[in-house]
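# Structure assessment
Spelled out, the chains give:
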Amino acid sequence: MDSQTVEPTQTVQSPSAAGRLKSNSLGVLGILFFVLSAQAPLTGIAGAVPIAVAIGNGAGAPAAYAAVGAVILLFSVGFVAMGRHVVDAGAFYTYIGKGLGRPIGSGSAGVALFAYCAVQAAMYGLYGFIVSGLVEQYTGLSAPWWVWVLVTMVIVQILGAAGIEMGAKILGVFVLAEFSILFVFALVTFFKGGGPEGLGFAHSFSPHAALQGAPGVALMFAVASMFGFEATAIYGEEAREPRRTVPRATYLSVMVVTVFFAFTSWMLVSAHGASNATAAAGKALESGDATSWVFAPITAQFGGWAGDALPILLATSLFAGVLAFHNSANRYLFSLGRDGLLPRGLTAINRRHSPWAAGGLQTVISLALVMPFALLGKDPVLSLFSWFSGVAVLAVMLLYFLTSVSVVVFFRRERLDTRAWNTLIAPVLGALGIAGAIWLILANFTTLIGGDQGTAMWLELTVPAVLVLGVIAARLTRGRAMADV
């Protein structure tokens, strides 16, 4: 996709010396681990695929992951082209601001920060539920879910302040464990010829299979599973040779995630049998434990030890995702402080060049999002996890759309890169695909959050509200800056 080398110009400023994160800290694999951690492979497979199969398009759910992957790959072409000329921990808001202007860019910064904090809070809800059950099962100690969330917030804050290399190593262990067991299961199932009805490729990937039932629901959950790949640009300032590392990490992460989710979900459908997969997923949902649809065939394949290990790996998967989104959000706060949109104190870094002040604020935000659900006695999965994961998906898809439009506008104006495919065709196609996905998300939002229409409407309105507030804040800060001159 980038066969023609384009030398980046110096017309777009790099981060100022007012505050810099530690450079040359991450390579392609280090960034890839952060991306995979944010996407929490086991959480995405065990949490989303059974629902996509049960109430979406049944055995055709794997095709939804492939289709979403194709759209995201188109988006990433323009995303990478912009990244060659803009290296900043703000990523989305910096990219959008360069093309659509500082106010819209600042508004998108609020949306991005909201999305990352919301999805982290959602993961905290599911994490607290899973961990409280595991602790009670193995130790007999019974404590509310939010107790384990508070303990984990402290651990995440400590690891975030310890430095990006430490975070990458911790996440690497967790990601490899969960990724390996799922992918090995998929490979073994494939080479055994599939389940009771064979591999059933046509049952999952033919046009008829892809469009049966409610394909919009499956696409919606596929979009949710792809959340977080854009973190490749967020770590550009800390990457080794960012103008090479970030594009490679971006394309690699999109392709790895797409193949992983499409292939693994296909093999799970095959393991149940295409004709039985939808009914089996429906029974799992009715039982209150959707993960059994995933865990049962893996346990049957590998033995009882897998059944014991998988719930623990699900907890570590969620922990890895929480840590990854903590790192992403605090880099947004750091970048906003450096650009004067938030207090300059957020640019404070420790001796490990980690944004400890921004990390502390991010932890406070997480606490503020999670604790009302605990104090009001809300269900951590049906309310906290479902509501915030839904609104986070909607927010990040808006950011994808604005970024695609910004890429086209930026390169039409600046002419820094004249490749039509990279700066016009692929971004426009990506924007059209993303617009379609946003429409599907809105049409199925009540299903996504598992709530009523009133709750869905209020959650939907938070995204444009945050965008508008960000635009207003940018105009006010610009006005103060001009008054101080």
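Predicted model, so just to flag it, every value in this text is computed and none were measured.

## Structural notes on the overall build of the chain
- Scanning the chain for helices and strands turns up 20 helices and 0 strands.
- In the chain, which comprises 485 residues, the proportion classed as buried is 57%.
- When contacts within the chain are restricted to residue pairs at least 6 apart in sequence, long-range pairs at least 24 apart make up 84% of them.
- Carbon and sulfur atoms make up 68% of the accessible area of the chain, which totals about 18,500 Å².

## Some words on the packing of helix α3 (residues 61-83) against helix α10 (residues 215-226)
- The N-to-C vectors of α3 and α10 enclose an angle of 55°; their axes lie 9 Å apart at closest approach. In terms of orientation, α3 and α10 fall into the oblique class. Both α3 and α10 take part in a crossing whose hand is right-handed. The residues of α10 that touch α3, namely those facing Ala-64, Tyr-65, Ala-67, Val-68, Gly-69 and Ile-72, are Ala-218, Leu-219, Phe-221, Ala-222, Val-223, Ser-225 and Met-226.
- The residue makeup of the contact of α3 with α10, split by class, is 11 nonpolar, 2 polar and no charged.

## Side note on the nonpolar core
- By size, the foremost hydrophobic cluster in this structure holds 128 residues, and its most contacted members are Phe-92, Phe-227, Trp-293 and Met-397.
- A per-element tally of this core places helix α5 (residues 102-139) first, with 20 residues.
- What Met-397 contacts, discounting residues up to four positions off in sequence, is Val-223, Ile-434, Ala-437, Ile-438 and Ile-441.

## Some thoughts on the packing of aromatic side chains
- Enumeration over the complete set of coordinates arrives at 21 aromatic pairs.
- With a centroid separation of 5.8 Å and 65° between ring planes, the pair formed by Phe-190 and Phe-263 is classed as edge-to-face. Of this pair, Phe-190 sits in helix α7 (residues 164-191) while Phe-263 sits in helix α12 (residues 242-272), and the two are 73 residues apart along the sequence.
- With a relative accessible area of 29%, Phe-190 lands in the partly exposed category.
- For Phe-263, a relative accessible area of 13% translates into the label buried.
- Each residue in the set Tyr-65, Phe-179, Phe-183, Phe-190, Phe-191, Phe-201, Phe-205, Phe-260, Phe-261, Phe-263 and Trp-266 is aromatic and connected to the rest through ring pairs, giving one cluster.

## Some words on helix α15 (residues 304-338)
- Between the first and last C-alpha of α15 there are 52 Å, a value that for 35 residues agrees with the 51 Å anticipated at 1.5 Å per step.
- With 28 of its 35 residues buried, α15 lies for the most part within the structure.
- Downstream of α15 by one or two residues, Gly-340 has phi in the positive range, about 85°.

## Quick word on the side chain of Ser-366
- Following the sequence through the fold, Ser-366 ends up in helix α16 (residues 356-375).
- For Ser-366, a relative accessible area of 1% translates into the label buried.
- In this structure the side chain of Ser-366 is engaged in a polar contact, spanning 2.4 Å, whose partner is the side chain of Gln-120.

## Here's the deal with a nonpolar patch on the surface
- Side chains of Trp-421, Leu-424, Ile-425, Val-428, Leu-429 and Leu-432 sit close together on the surface and give an oily, nonpolar patch of about 510 Å² of accessible area.
- With respect to the helices and strands, the residue Ile-425 is situated in helix α18 (residues 420-443).
- Assessed through its relative accessible area of 40%, Ile-425 is described here as partly exposed.

## A word on the pattern of salt bridges
- Counted under the stated rule, the structure contains 2 salt bridges.
- Taking the shortest distance from any N to any O, the salt bridge between Asp-417 and Arg-419 comes out at 2.5 Å. Pair check on accessibility: Asp-417 and Arg-419 agree, each one buried.

## With respect to the confidence of the model for the chain
- For the chain, per-residue confidence averages 82 on the pLDDT scale, and 83% of positions sit at 70 or higher.
- Here helix α11 (residues 231-234) stands out as the least confident element of the chain, with mean pLDDT 62; helix α8 (residues 201-205) is the most confident, with 94.
- Scored below 50 in pLDDT, residues 1-18 makes 34 contacts in the model with residues more than four places away or belonging to other chains.
- When the criterion is pLDDT under 50, residues 480-485 qualifies, and its contacts beyond four places in sequence or with other chains add up to 0 contacts.

## Structural notes on the environment of Phe-385
- Inspection of the secondary structure assignment puts Phe-385 in helix α17 (residues 380-414).
- For Phe-385, a relative accessible area of 23% translates into the label partly exposed.
- Along the chain, Phe-385 and Tyr-127 lie 258 residues apart, while their C-alpha atoms are 9.2 Å from each other.
- Contact partners of Phe-385, with chain neighbours within four places excluded, come to Ala-122, Met-123, Leu-126 and Pro-380.

## Observations concerning the environment of Val-396
- When you line up the elements, Val-396 lands in helix α17.
- By relative accessible area, Val-396 is classed as buried at 2%.

## Examining helix α13 (residues 274-286)
- Taken together, the buried positions of α13 are Ala-274, Ala-277, Ala-280, Ala-281, Gly-282 and Ala-284.
- At the exit of α13 stands Gly-288, carrying a positive phi of roughly 90°.

## A short note on the packing of helix α6 (residues 145-161) against α15
- Their axes nearest at 10 Å, the elements α6 and α15 cross at an angle of 50°. Considering the angle they form, α6 stands oblique to α15. For the element pair α6 and α15, the recorded crossing hand is right-handed. Together, Thr-152, Ile-155, Val-156, Gln-157, Leu-159 and Gly-160 of α6 and Phe-319, Val-322, Leu-323, His-326 and Asn-327 of α15 make up the contact between the two elements.
- Of the residues contributing to the contact of α6 with α15, the split by class is 6 nonpolar, 5 polar and no charged.

What counts, and at which threshold
- Residues numbered from 1 in each chain as written.
- Predicted model: local features only at pLDDT ≥ 70, side-chain atom pairs only at ≥ 80, totals over all residues.
- Heavy atoms only, no water.
- Helix = DSSP H or I, 4+ residues; strand = E, 2+ residues; numbered from the N terminus.
- Buried < 20%, exposed > 50% of the residue type's maximum accessible area, 1.4 Å probe, protein only.
- Contact = heavy atoms within 4.5 Å.
- Areas by Shrake-Rupley, 256 points an atom, 1.4 Å probe, with all protein chains shown as cover.
- Axes fitted to C-alpha atoms, helices over the stretch in contact; angles between N-to-C directions.
- Parallel < 35°, antiparallel > 145°, perpendicular 65-115°, else oblique.
- Left-handed = near helix turned anticlockwise from the far one by under 90°.
- Nonpolar A, V, L, I, M, F, W, Y, C, P; charged D, E, K, R; others polar.
- Core = buried A, V, L, I, M, F, W, Y, C linked by side-chain atoms within 4.5 Å.
- Phe/Tyr/Trp six-rings, centres within 6.5 Å; stacked < 30°, edge-to-face > 60°.
- Expected span 1.5 Å × (residues − 1).
- Polar contact = N/O pair within 3.5 Å; in protein donor to acceptor, adjacent residues only side chain to side chain.
- Patch = residues over 30% accessible without salt bridge, like charges linked within 9 Å, V, L, I, M, F, W, Y side chains within 5 Å.
- Salt bridge = Lys/Arg side-chain N within 4 Å of Asp/Glu carboxyl O.
- pLDDT = per-residue confidence, 0-100.

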